[in-house]
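Summary of structural features
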2 protein chains.
Amino acid sequence: MLKPKPGADRFVPPPKLPPAAPPLDLSEAQMRQAQDLLFFAYRDFTNVADKVLEELGLGRAHHRALHFIGRNPGLTVSALLHILRITKQSLARVLNLLVEDGYVAQAPGYEDRRLRLLTLTDKGKALERRLFESQRNLLSQAYLQAGPEAVEGFRAVMRALMDQGARAYVDGTGSAEDA
Amino acid sequence: MLKPKPGADRFVPPPKLPPAAPPLDLSEAQMRQAQDLLFFAYRDFTNVADKVLEELGLGRAHHRALHFIGRNPGLTVSALLHILRITKQSLARVLNLLVEDGYVAQAPGYEDRRLRLLTLTDKGKALERRLFESQRNLLSQAYLQAGPEAVEGFRAVMRALMDQGARAYVDGTGSAEDA
DNA sequence: CAAGATAGGTCAGCATTATTGACTTAACGG
DNA sequence: CCGTTAAGTCAATAATGCTGACCTATCTTG
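Residues numbered from 1 in each chain as written. Chains lettered and ligands numbered in written order. Predicted model: local features only at pLDDT ≥ 70, side-chain atom pairs only at ≥ 80, totals over all residues. Heavy atoms only, no water.

**Regarding the protein's contact with DNA strand D**
Around DNA strand D, the surrounding shell holds 30 residues, and the nearest of these are Thr87(A), Arg93(A), Lys88(B), Gln89(B) and Arg114(B). Of everything in DNA strand D that lies within 4 Å of the protein, sugar and phosphate atoms constitute 60%. Here Ala61(A) contributes a backbone N or O atom positioned 3.4 Å from a phosphate oxygen of DNA strand D. Within the side chain of Arg64(A), one N or O atom sits 2.6 Å away from a phosphate oxygen of DNA strand D. Counting residues per element, the ones that place at least two in the surface near DNA strand D are helix 2 (60-71) and helix 4 (88-100) of chain A together with helix 3 (77-84) and helix 4 (88-100) of chain B. It is helix 2 of chain A that contributes the most residues to the surface near DNA strand D, four residues altogether. Broken down by class, the residue content of the surface near DNA strand D amounts to six nonpolar, eleven polar and 13 charged. (Near = heavy atom within 4 Å. Polar contact = N/O pair within 3.5 Å; in protein donor to acceptor, adjacent residues only side chain to side chain. Helix = DSSP H or I, 4+ residues; strand = E, 2+ residues; numbered from the N terminus. Nonpolar A, V, L, I, M, F, W, Y, C, P; charged D, E, K, R; others polar.)

The structure is reproduced here in structure tokens:
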């Protein structure tokens, strides 16, 4: 495979057709790029944790639950449902497994005993931390590389992309249920 | 529901337990927040396009394919596989439907006739544009709100989160196949 | 207290998106 | 001609999501 010719599954620019109409304006190109940025950054950020999860027979859905329970001990089931934006049924499967496997504990609310307040067990905390570490390595590298001002900008854009409730949540000024 | 008492599915801070160990250090808290930022921004960014897709009986996977084919007319099947990081089988289902429904056209490579160069039909372009518009509204609002410097920072951090091939791709210095 | 609302759980069934492994066809390339 | 590559396909399976119906326990309110 020493030929200069593209090695087959490589992308070669449009073969005959005109070069596919140049971007209409600068900001369109910028927004096209943002789509790519979000896709690739999310893909690779989640991927590092997926590798850990795979060993344990867990999936991304389990990670999300562990993450939000870990950050909000005493979270209720319905608050978690609002955050994840999935149905009760979908969460049940994930949560039941986490409880069965001893990662998550449930305690009745002491003011309202209908509530099942969710917390991580020590085992759950250990796993969550392990998952976090894998993403932290990637993140700290990225933050260092980009610099503190860039991090501020990153935060500002990400905040502006999410809905109002999620914004309040990440600002620490809202309840988890709003997210 | 006029009582000050948390309205049931609202998240109330840990009921009795100590306030859940304060963050170990500043940068840990920062990275915890970054996990949230990525989750919520991605959730809400994809959500606006999902609403359009739903009407047409398509899913997120179809959008991704449309997006990358649209941005890279003449893309090969295997380049697309590398970008999406899914298997041939998973892509086949998505791609076959897009071709059946007349969104995507395939043409044999003219240098290497094994290749099926993928392009969007006019119908495909129209749909891709419609999907793009929905995300563009959200994005332009976010970019405006955050300001041009923040956008630069956003880009820098996102670039640093993705792997080398994807970085080259978004910089326009790599082939699609590397992403 | 009785009635209605809420939190949570559960059952059955289904759709989408992903996986693996094996195999085929066509075309390229030495 | 032969080995490799691009692409397509078949069969089976898994993870994650959905709907709708229904149940229980508990809280809230008239």
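**Focus on the confidence of the model for chain A**
Looking at chain A, the pLDDT average stands at 87 and 85% of residues meet or exceed 70. Within the model, the stretch residues 1-24 of chain A combines pLDDT values under 50 with 33 contacts to residues more than four positions away or in other chains. (pLDDT = per-residue confidence, 0-100. Contact = heavy atoms within 4.5 Å.)

**Notes on the packing of aromatic side chains**
One pass over the full model with this rule turns up 13 aromatic pairs over all chains. Taking the centre distance of 5.1 Å and the plane angle of 70° together, the rings of Phe39(A) and Phe40(A) count as edge-to-face. For the pair shown, Phe39(A) and Phe40(A) are each scored as buried. Judged by centre distance (3.7 Å) and plane angle (0°), the ring pair of Tyr42(A) and Tyr42(B) falls under stacked. With Tyr42(A) in helix 1 (residues 26-56) and Tyr42(B) in helix 1 (residues 26-56), this residue pair bridges two chains. Taking relative accessible area as the criterion, Tyr42(A) reaches 12% and is therefore assigned buried. In this arrangement the basic side chain of Arg32(A) is found over the ring face of Phe132(B), its NZ or CZ atom lying 3.8 Å from the centre. Above the face of the Tyr103(A) ring, Lys123(A) is positioned so that its terminal group lies 4.7 Å from the ring centre. (Phe/Tyr/Trp six-rings, centres within 6.5 Å; stacked < 30°, edge-to-face > 60°. Buried < 20%, exposed > 50% of the residue type's maximum accessible area, 1.4 Å probe, protein only. Lys NZ or Arg CZ within 6 Å of the ring centre and 35° of its normal.)

**Looking at the relation of the copies chain A and chain B**
Mapping chain A onto chain B calls for a screw motion: a turn of 180° about the axis and a shift of 0.0 Å along it, with 0.0 Å RMSD after fitting. This pairing of chains is accounted for by a two-fold axis. If distances are taken from each C-alpha of chain A to the rotation axis, the shortest is found for Phe154(A), at 1.8 Å. Comparing contact sets, 100% of the residues at the interface of chain A also lie at the interface in chain B, consistent with an isologous, same-surface contact. (Least-squares fit on C-alpha atoms with pLDDT ≥ 70 in both.)

**Observations concerning the side chain of Arg167(A)**
All names here are of chain A. Summarising the element assignment, arginine 167 is placed in helix 7 (residues 164-171). Aspartate 171 is the oppositely charged side chain nearest to the buried, salt-bridge-free arginine 167, at an N-O distance of 6.1 Å. Those residues in contact with arginine 167 that lie beyond four places of it in its chain are Arg159, Ala160 and Met162. (Lys, Arg positive; Asp, Glu negative; His and termini not counted. Salt bridge = Lys/Arg side-chain N within 4 Å of Asp/Glu carboxyl O.)

**So, the interface of chain A and chain B**
Of the residues lining the interface, 87 residues belong to chain A; the matching set on chain B comes to 87 residues. Taking both partners together, chain A and chain B bury about 8,300 Å²; carbon and sulfur atoms supply 65% of that area. At the boundary of chain A and chain B, one finds twelve salt bridges. Inspection of the chain A/chain B interface yields 27 residue pairs in polar contact (both at pLDDT 80 or more). (Buried area = accessible area lost by both parts, 1.4 Å probe.)

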